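The lines below spell out each chain.
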Amino acid sequence: GAWVSVGEVISERYRVLEELGRGGMSRVYSAMDQEFDERVALKILLPRSDADGRDEERLLQEVRVCRRISHPNVVRVFDFGRFGDGVFITMELMEGRTLQATVQIDGALSFAQTHAVLGDVLSGLGDPPRRRVRHRALKPANVFMTSAGAKVMDFGIARAEDADPELMRTGHVVGSPMFMSPEQLEGKAVDARSDLYSLGVLTFFVLAGREPFTGTTATALALKHLGELPPTLASFR
């Protein structure tokens, strides 16, 4: 079951309204910030998701990175806190759906739609305060589609140049294998080119309506990224 329940008040401030989604290490809820009387997204780290505290530190890293950013194409992060054995962050509550869901429901985007989405994503990733930060988890599920355009979210495994080197150490692979660069899949050091590779895979996904590779395991996907060329878009249109 969920770690928190509807109606529960977190940190004597955030009243949980409903669950919005869940991932490998967290769950997201809509909540009412009772201090400012406004709705926010509440991201809860799953209990005991790791033994050494790295998941908690990664969530804290998301707050450190995102609080530096104020850009219309990046989801804003507001607060970080602890309750019981858990940790949470509060974020801007989005109205709409992710790019992943948009393609799955509506199908591949047109070239014009893709141009608009990529423009928004690149604007968010290239904003001057962010030039020293790599996202490292760029994928359609981390791009939110709103009436005002696309917004990049979830910098939980982003790396700033002043990030803890042990947390983001070389040889430690974190992220979604389908959209990761070869060097990231191999656990090597990454720079801005890694995000560029992930953006290329994302672009293929929105234009083709599917990922360039398939595989039953993360290892199988990694081998395809490392050694195979993707199919042509023409084969899907």
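Use the structure listed above.
For the structure given in this document, a descriptive report is provided here. Owing to the predicted nature of the structure, the values given are computational and were not obtained by experimental measurement.

**Some points on the environment of leucine 233**
Move 1: If you trace the backbone, leucine 233 turns up in the segment after helix H6 (218–227).
Move 2: On the basis of relative accessibility, which here comes to 26%, the residue leucine 233 falls in the partly exposed class.
Move 3: Note: C-alpha distance between leucine 233 and leucine 207 (26 residues apart in sequence) is 7.4 Å.
Move 4: If we ignore the near neighbours within four places in the chain, the residues touching leucine 233 are Phe204, Leu207 and Ala208.

**Let's talk about the packing of helix H3 (residues 111–125) against helix H5 (residues 192–208)**
Move 1: At a minimum axis distance of 10 Å, the contact between H3 and H5 shows a crossing angle of 155 degrees. The pairing of H3 with H5 is recorded here as roughly antiparallel in orientation. The two elements H3 and H5 meet at a crossing, and its hand is right-handed. Contact residues: H3 offers Phe111, Thr114, Leu118, Val121 and Leu122, while H5 offers Leu199, Leu202, Thr203, Val206 and Leu207.
Move 2: The residue inventory of the contact of H3 with H5, partitioned by class, reads eight nonpolar, two polar and no charged.

**Examining the pattern of salt bridges**
Move 1: Per the counting criterion, the structure on display carries five salt bridges.
Move 2: Between lysine 151 and glutamate 92 there is a salt bridge, with its nearest N and O atoms 3.2 Å apart. Taken together, the positions of lysine 151 in strand S10 (residues 149–152) and glutamate 92 in the loop between strand S6 (86–91) and strand S7 (97–98) put the pair 59 residues apart, joining distant regions of the chain.
Move 3: On the basis of relative accessible area, lysine 151 is assigned to the buried category, the value being 11%.
Move 4: Taken together, the shared-partner salt bridges connect Arg13, Asp33 and Glu35 into one network.

What counts and how
Residues numbered from 1 in each chain as written. Predicted model: local features only at pLDDT ≥ 70, side-chain atom pairs only at ≥ 80, totals over all residues. Heavy atoms only, no water. Helix = DSSP H or I, 4+ residues; strand = E, 2+ residues; numbered from the N terminus. Buried < 20%, exposed > 50% of the residue type's maximum accessible area, 1.4 Å probe, protein only. Contact = heavy atoms within 4.5 Å. Axes fitted to C-alpha atoms, helices over the stretch in contact; angles between N-to-C directions. Parallel < 35°, antiparallel > 145°, perpendicular 65-115°, else oblique. Left-handed = near helix turned anticlockwise from the far one by under 90°. Nonpolar A, V, L, I, M, F, W, Y, C, P; charged D, E, K, R; others polar. Salt bridge = Lys/Arg side-chain N within 4 Å of Asp/Glu carboxyl O.

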